[in-house]
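Read off the chains here:
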Amino acid sequence: MSSVGVDRSRGLILARGRLRAVEWRDLVGLTRLEVLRELTLSLPWLALSLVLAANALYLPALAASFMLFLTGLRQVHNAHHYALGLSRRATEWFLFVMSVVMLGAMHAVQFNHLRHHKLCMATGDVEAASARLRGWQAIAIGPYFPLLLHWTAWRLGTRRTRLWIAAELTANALWVTAVFAWFDLPMLCYHVLAMGAAQCLTAFFAVWTVHHDTEAHAYPARTQRGRLKNLVSCHMFLHVEHHLFPQVPTCHLPALARRLDATAPELAQAMVI
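Residues numbered from 1 in each chain as written. Predicted model: local features only at pLDDT ≥ 70, side-chain atom pairs only at ≥ 80, totals over all residues. Heavy atoms only, no water.

### Topic: helix α10 (residues 186–199)
(1) Moving on: With 14 residues, α10 ought to run about 20 Å at 1.5 Å a step, and its terminal C-alpha atoms sit 20 Å apart, in line with that.
(2) Moving on: Within α10, the full set of buried residues consists of Leu188, Cys189, Tyr190, His191, Val192, Ala194, Met195, Ala198 and Gln199. (Helix = DSSP H or I, 4+ residues; strand = E, 2+ residues; numbered from the N terminus. Expected span 1.5 Å × (residues − 1). Buried < 20%, exposed > 50% of the residue type's maximum accessible area, 1.4 Å probe, protein only.)

Dropping the structure here:
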């Protein structure tokens, strides 16, 4: 591990005594209603974006697609940690389906994300590479970032991981071919292009925003406290909380944030916005 990683780990160790007092296990479980909500979170935005695109209202369709991708990120992010309230097998297939909806192999993203939790900004943390750059640089490397994630997961992943990646990329290839070569539906062409553009922005929106310039903080991640901002971002920017207790589903992170604020308020010194 790099010296930077060691320094950051030391900051976490200093807070660990108090963190042991934080109750979080009661936040792990999901009710049936919460599971249903998490599984369908992106469906209204998918439907809205397609309807708007079908009527050539592309500007508002882009706004709906943005929310589709954001809510989709929340869903697959919970799936990466098996925190959707589903069985492990069902979660794997959920990732497969979302791979086609959002483009790319979500098992490749999962591989890098779990490594990110182990290394968190240290040497070898490929997911966090853009967080070490300036904002405009994180946007500029956007098209390269998904390729880097897929190549890293294929190169370092297990045989099982590679099988899932191969299946998801094959499904993607068939889907994109069908959309552009067989179907005559401009709204589907729009959807594929919108998701491709969104994937090119993940290095900035999903990584840089929550990790940049956190070297001097108690933990190398940012968070957010504004109620409206958290509502709009679907609580995805409660990132310190997620890193410390990744088993807690996103919908329960606000409750976890309140408990952490009462126990170790210095962990919230770096805000996303």
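From this point on, the discussion continues.
### Here's the deal with the pattern of salt bridges
Close approach of charged atoms allows side chains of opposite charge to pair.
(1) Moving on: Per the counting criterion, the structure on display carries six salt bridges.
(2) Moving on: Residues Glu38 and Arg74 are paired through a salt bridge, measuring 2.5 Å at the closest nitrogen-oxygen approach. Of the two residues, Glu38 is situated in helix α2 (residues 32–40) and Arg74 in helix α4 (residues 58–80); the sequence distance between them amounts to 36 residues.
(3) Moving on: Here Arg74 falls in the buried class, since its relative accessible area comes to 3%.
(4) Moving on: Note that Arg225 is salt-bridged to Glu241, the shortest N-O span being 2.8 Å. Of this pair, Arg225 sits in the loop between α11 (202–211) and α12 (227–232) while Glu241 sits in helix α13 (residues 239–244), placing them 16 residues apart in sequence. (Salt bridge = Lys/Arg side-chain N within 4 Å of Asp/Glu carboxyl O.)

### Topic: unusual backbone geometry
(1) Moving on: Residue Tyr82 is not a glycine yet carries a positive backbone phi of 55 degrees.
(2) Moving on: Note on placement: Tyr82 falls in the loop between α4 and α5 (88–102).
(3) Moving on: You can call Tyr82 partly exposed: its relative accessible area is 24%.
(4) Moving on: Notably, Asp213 is not glycine yet its phi reads approximately 55 degrees, a positive angle.
(5) Moving on: Note that Asp213 resides in the loop between α11 and α12.

Geometric values such as these leave the question of function open.
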